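Observations on the model geometry
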Amino acid sequence: MLAKPVDEETRERGADELRQTWKTPKGFRYWTAVNNSEIGKWYALSAFFFMMCAGVLGLLIRVQLAVPGNDFLSADRFNQFFTMHGSAMMFLFAVPMFEAISILLLPGLLGARDMPFPRLSAYGFWCFIIGGIFVMGSILFGVAPNSGWFMYPPLATEAEGIGSDIWLLGLSFIEVASIAAAVELIVGVLKCRPPGMRINLMPLYAWYVLVVGGMILFAFPPLIAGDFLFELQRSFDWPFFDPERGGDPMLWQHLFWIFGHPEVYIIFLPSIAIAAMVVPTAAQRPIVGYSWIVLSAVGTGFLSFGLWVHHMFTTGLPSMSLGFFSAASEAVVIPTGIQLFAFVATLMVGRVKMNLPMLFISGALAIFTAGGLTGVMVALAPFDWQAHDTYFIVAHLHYTLFGGMVFPLMAGIYYFFPIFTKKTLSERTGRVVFWLMFVGFNVTFMPMHFTGLMGMPRRVYTYPSVLGWDLLNLISSVGAFIVAAGFVLFAVDLLRPRGKQPYAPRNPWKAGTLEWSHYVPEENWGSRSVPYITSRYPLWEQEGIVERMDEGRYYLPDAPELKRETLVTTVLDARPIQCLRVTGPTWITILAAVFTGGAFIFPTFHWYPPAIVCGGAAIACVIYWLWTATSQIPEKDKDMRDAGLSLRLPVYASGPASVGWWGVWITMLGDATAFASLVFGFVFYWTAKPDFPPTGTEHALVGYLMLGVAALVASWGSIYGARVVNRQGKVATARALLVAAPLLAIVGSGLFYLSVANAGLEPASHVYPAIIWAVMIWTIVHTGGGVIMQCYCLAGALFGKVTPEHDSDLWNVTLYWHFVCLTVVVAGLTIGLMPRVM
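In every chain, residue numbers begin from 1 and rise along the written sequence. A pLDDT threshold of at least 70 governs which residues receive local features in this predicted model, and a stricter bar of 80 or more applies before side-chain atom pairs are shown or counted, although totals over entire chains, interfaces and linings include all residues. As a convention, hydrogens and water are excluded, and side-chain values are obtained from all of the structure's heavy atoms.

Now for the overall build of the protein chain. In terms of regular secondary structure, the protein chain is built from 24 helices and four strands. The globule rule used here is 2.2 Å times the number of residues to the 0.38 power, and the radius of gyration it is set against is calculated over C-alpha atoms. The C-alpha atoms of the protein chain give 27 Å as radius of gyration, which agrees with the globular expectation for 838 residues (28 Å, within 12%). For the C-alpha atoms alone, the extent of the protein chain along its principal axes is close to 80 × 70 × 50 Å. When accessible area is computed with a 1.4 Å probe and restricted to protein chains, residues below 20% of their type maximum are described as buried, those above 50% as exposed, and intermediate ones as partly exposed. Residues counted as buried form 61% of the 838 residues belonging to the protein chain. Secondary structure elements are taken from DSSP: a helix is a run of H or I of four residues or more, a strand is a run of E of two residues or more, and numbering for both begins at the N terminus.

This paragraph deals with the environment of T451. Within the secondary structure, T451 sits in helix α14 (residues 427-453). Here, two residues are considered to be in contact whenever any of their heavy atoms come within 4.5 Å of each other. Those residues in contact with T451 that lie beyond four places of it in its chain are Y391, M456, W469, L472 and N473.

A surface patch of nonpolar side chains, about 400 Å² in accessible area, is lined by V67, L471, L474, I475 and V478. Structurally, the position occupied by L474 is in helix α15 (residues 470-495). Residues forming no salt bridge and having over 30% relative accessible area are the ones grouped into patches, like charges within 9 Å of each other and nonpolar side chains (Val, Leu, Ile, Met, Phe, Trp, Tyr) within 5 Å. Residue-level accessible areas treat just the shown protein chains as cover; the underlying method is Shrake-Rupley with a 1.4 Å probe. For this analysis, a salt bridge means a side-chain nitrogen from Lys or Arg found within 4 Å of a carboxyl oxygen belonging to Asp or Glu.

Now for the nonpolar core. Counting 261 residues, the largest nonpolar core has Y205, L229, F240 and F360 as its most contacted members. Contacts of F360, omitting those with residues within four sequence positions, involve F407, M410, A411, Y414, G430, V433, F434 and M437. Definition used in this section: a nonpolar core is a set of buried Ala, Val, Leu, Ile, Met, Phe, Trp, Tyr and Cys residues joined via side-chain atoms within 4.5 Å. In this structure, Y555, L567, A643 and L647 belong to the second largest nonpolar core, which totals nine residues.

A few words now on unusual backbone geometry. With an omega dihedral of 5 degrees, the bond running from P153 to P154 counts as a cis peptide bond. Between F692 and the following residue, P693, the backbone shows a cis peptide bond with an omega angle of -5 degrees. With respect to the helices, strands and loops of the structure, P693 is situated in the loop between α20 (659-688) and α21 (702-727). Positioned with a positive phi, L562 is a non-glycine residue whose angle comes to about 55 degrees.

Our focus in this paragraph is the pattern of salt bridges. Under the criterion given, the structure shown has 22 salt bridges. Between D558 and R641 there is a salt bridge, with the nearest N and O atoms lying 3.3 Å from each other. Note that D558 is positioned in the loop between α17 (545-550) and β1 (565-569) and R641 in strand β3 (residues 640-644), a separation of 83 residues in sequence. Across the pair, R641 and D558 agree in class, each one buried. In this structure, E635 engages R581 in a salt bridge whose closest nitrogen and oxygen atoms are separated by 3.4 Å. Remark: R581 occurs in strand β2 (residues 576-581) and E635 occurs in the loop between α19 (608-629) and β3; sequence separation between them is 54 residues. Taking relative accessible area as the criterion, R581 reaches 21% and is therefore assigned partly exposed. One continuous salt-bridge network, built from bridges that share partners, spans E561, K563, R581 and E635.

Any two cysteine sulfur atoms lying within 2.5 Å of each other are counted as a disulfide. For the coordinates displayed, the defined rule picks out zero disulfides. Cysteine C53 remains unbridged, with the sulfur of C127 as its closest cysteine sulfur at 20 Å. Considering cysteine sulfurs only, C793 is the nearest to C821, which forms no disulfide, with 17 Å between them. Residue class for C821 comes out buried when judged on its relative accessible area of 12%.

A separate point is the pairing of β2. Note: β1 against β2, five bridges, orientation antiparallel. What sits directly across from V568, in β2, is Q578. In this analysis, strands are considered paired if DSSP registers two or more bridges between them. As consecutive antiparallel partners, β1 and β2 are separated by six residues, and within that stretch A574 has a phi angle of approximately 55 degrees, a positive value.

To continue, consider the packing of helix α10 (residues 333-349) against helix α11 (residues 356-378). Orientation of α10 relative to α11, taken along the N-to-C sense of each, is 150 degrees, at an axis distance of 12 Å. With respect to each other, α10 and α11 are oriented roughly antiparallel. Considering how the two elements wind past one another, α10 and α11 form a crossing that is left-handed. Together, V333, T336, L340 and L347 of α10 and M358, L365, F368 and V376 of α11 make up the contact between the two elements. Residue classes in the contact of α10 with α11 are distributed as seven nonpolar, one polar and no charged. Structural elements are reduced to axes, namely lines fitted to C-alpha atoms, with helices fitted over the stretch in contact, and the angle between N-to-C directions of any two is expressed from 0 to 180 degrees. Our angle categories are set so that under 35 degrees counts as roughly parallel, over 145 as roughly antiparallel, 65 to 115 as roughly perpendicular, and the remainder as oblique. Each crossing gets its handedness from the near helix: less than a right angle anticlockwise from the far helix is left-handed, clockwise is right-handed. Residue classes follow a fixed rule: Ala, Val, Leu, Ile, Met, Phe, Trp, Tyr, Cys and Pro count as nonpolar, while Asp, Glu, Lys and Arg count as charged, and any other residue, Gly among them, counts as polar.

Within 6.5 Å between ring centres, the rings of Phe, Tyr and Trp (the latter by its six-membered ring) count as paired, and their orientation is classed by plane angle as stacked under 30 degrees, edge-to-face over 60, tilted in between. What the rule picks out here adds up to 74 aromatic pairs. Both rings, one in F28 and one in W587, keep their centres 5.9 Å apart while their planes meet at 20 degrees; by these two values the pair is stacked. Here W587 lies in the loop between β2 and α18 (588-601) and F28 lies in the loop between α1 (8-21) and α2 (36-65), a separation of 559 residues in the sequence. Relative accessible area serves as the criterion here: at 63%, F28 is assigned to the exposed category. Taking relative accessible area as the criterion, W587 reaches 37% and is therefore assigned partly exposed. For the ring pair F236 and Y608, a centre distance of 6.0 Å and an interplane angle of 25 degrees mean the geometry is stacked. Separated by 372 residues along the polypeptide, F236 in helix α6 (residues 204-236) and Y608 in helix α19 bring together distant segments of the chain. For F236, a relative accessible area of 42% translates into the label partly exposed.

Here is the structure:
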């Protein structure tokens, strides 16, 4: 069947339909675009802009430290600059850049038309850009955070001004964007692979996206939980980190580094993924040790969550903890080494072409290996005690991040640029950029090993001239400007007009993976037809695949209804199960992001009424977005789609077959992690503080609490029952249960609140009532969200959006309530039972 030619008229008609369906809006409506190609470019350019801003701050820091006793910057301005340098590099560049590149590449790598939730990508981008401008803009007004990118209490909790609030609320807002993108990427990898691409045939980049997406999902929520507690202390004086009232600043360090250490690998692994794509192409052969690399990537991600304490070796931890976390820190070398040795083995057995991307990869391997070796040194507690908070750590950190992230990223940009723009960057300029960066980087950071070993502490804004640090600091400052020259030259090459430059060849590197089947000149439809894959390197091993894709011989070669569509396949064996209609351009994502931004930004200035209004408006926007664009019941007799090659697929799916169900499930895993972090806080106080709970204190009222839990569990039972009986065709019973579910949830939430409010627990008096209130608020906010969802389903049932045959919304809301029910039960046990058995 594949060999059967497609006549010219059919091929052209299909191409015209796809071109019309996937066209990018023009004029001012351009900003309503949600295509992965546009969102990815905006994301990447914005992250690059924030990186350049953070780089300028780094240069100004080096100017200040170039000579002893310098007064170029004041101490406060210096503190703001190094805080924002680290925060911007981590939150506004490293993670967003990975997500931007992934959003750009993933559909091409998977032969998909687009990601499953393009509007979610757009919403995440607009949240990112609003939050980024808010946080970075604060430095122009001299009110930026100045307590370091880790915001340790009590320095940060007691800091005057709004700097700490900007960091907490602004970056929490940006974390929403990161998690939204992670959900999109995970579901994309699991459910939008082309037919035949079993999970063991996925490109390595997709594997890394899956691992890193999961890490974001489990690493960011503890920080969100910490931000929640931190802001409650800043705004309402609830003493979570105040030792005088039972709090403990160590809790913040645990929550921060449970996020902070995996963050290093969240940055590092995507860049290794780029290397995993560049190296086989440079060697012109498949990667050596595919399975070992996958296992090592998963192992690195898993181990990264067991290392956070090695940032806390100097905090007086027990010897057993030091030994365990020191060994775990050393163990991560094993999977990391396997990945690097696999790349070296591939190069050794291949016919290597030292092209420009490979030059950057070579530089990355050299620099990262040096950073890894110093990492082994600081993983040893006795050495760390000596080097902690010195410039040795600054050098180690930058060797790891430049070698593990920046150089591979540069390789990736040069490698994939023809896919993004259909043009190439300058080879000659690129080699100059490489040597400026490589030499400048080593001139900057190599001397810092010595200044650190000579005792120079981090984050000092000046130093006396008698300590022997003068020359080394001057060399570092000169090196920083050499690195900056490399970035400026790269930016000029990246952004220069290319109107008269000829198009690049379609596959200039002669790569073997699917993204190089892209169209030149650009077409917005992604893949012309979705191929059947039987190989890890289909362009090398499936002869004629690109020609057949171009001629529309595979799946979805047209768009007869002018609706955007992509294939959904099963998780393990990529068997096609649905033709998904994806959403198109809209203003609603921008509005939703603006109002979400208001809900986070206004509390920075303690303007709570407008924040509440914005929160309500954001919810209204999301409801409108979901109601008008998702889970749409297909027109009569159009519920099946001829996908080509004699394959007919449904256009509507419910439950685990639908991407929406997977999106909810993955999101709630992250949400459950954040709630677990709050419970961890409760247990931490219980085990670490002898006066928790204080003698003779009041507890949550058991009677109210039990009734509240019972009502909320009954609400869960009602929504679950509604889903079951609706599927059985008992519509009236289902609607009755949908009426009962939100009523029970409202009653249960009220009882839950009264169990704490009527107990005389004053949250500002001690950390015990404060954490009780925090758990209660978290639970009620989630049940409130659940009530809105239940009402949404009720409205859907009444207005024909939910029927016995089309019940995707009901499945998704029920899944949400599974997690809420678990949250309610655990919260009830935590604040009702545990204090009485302590």
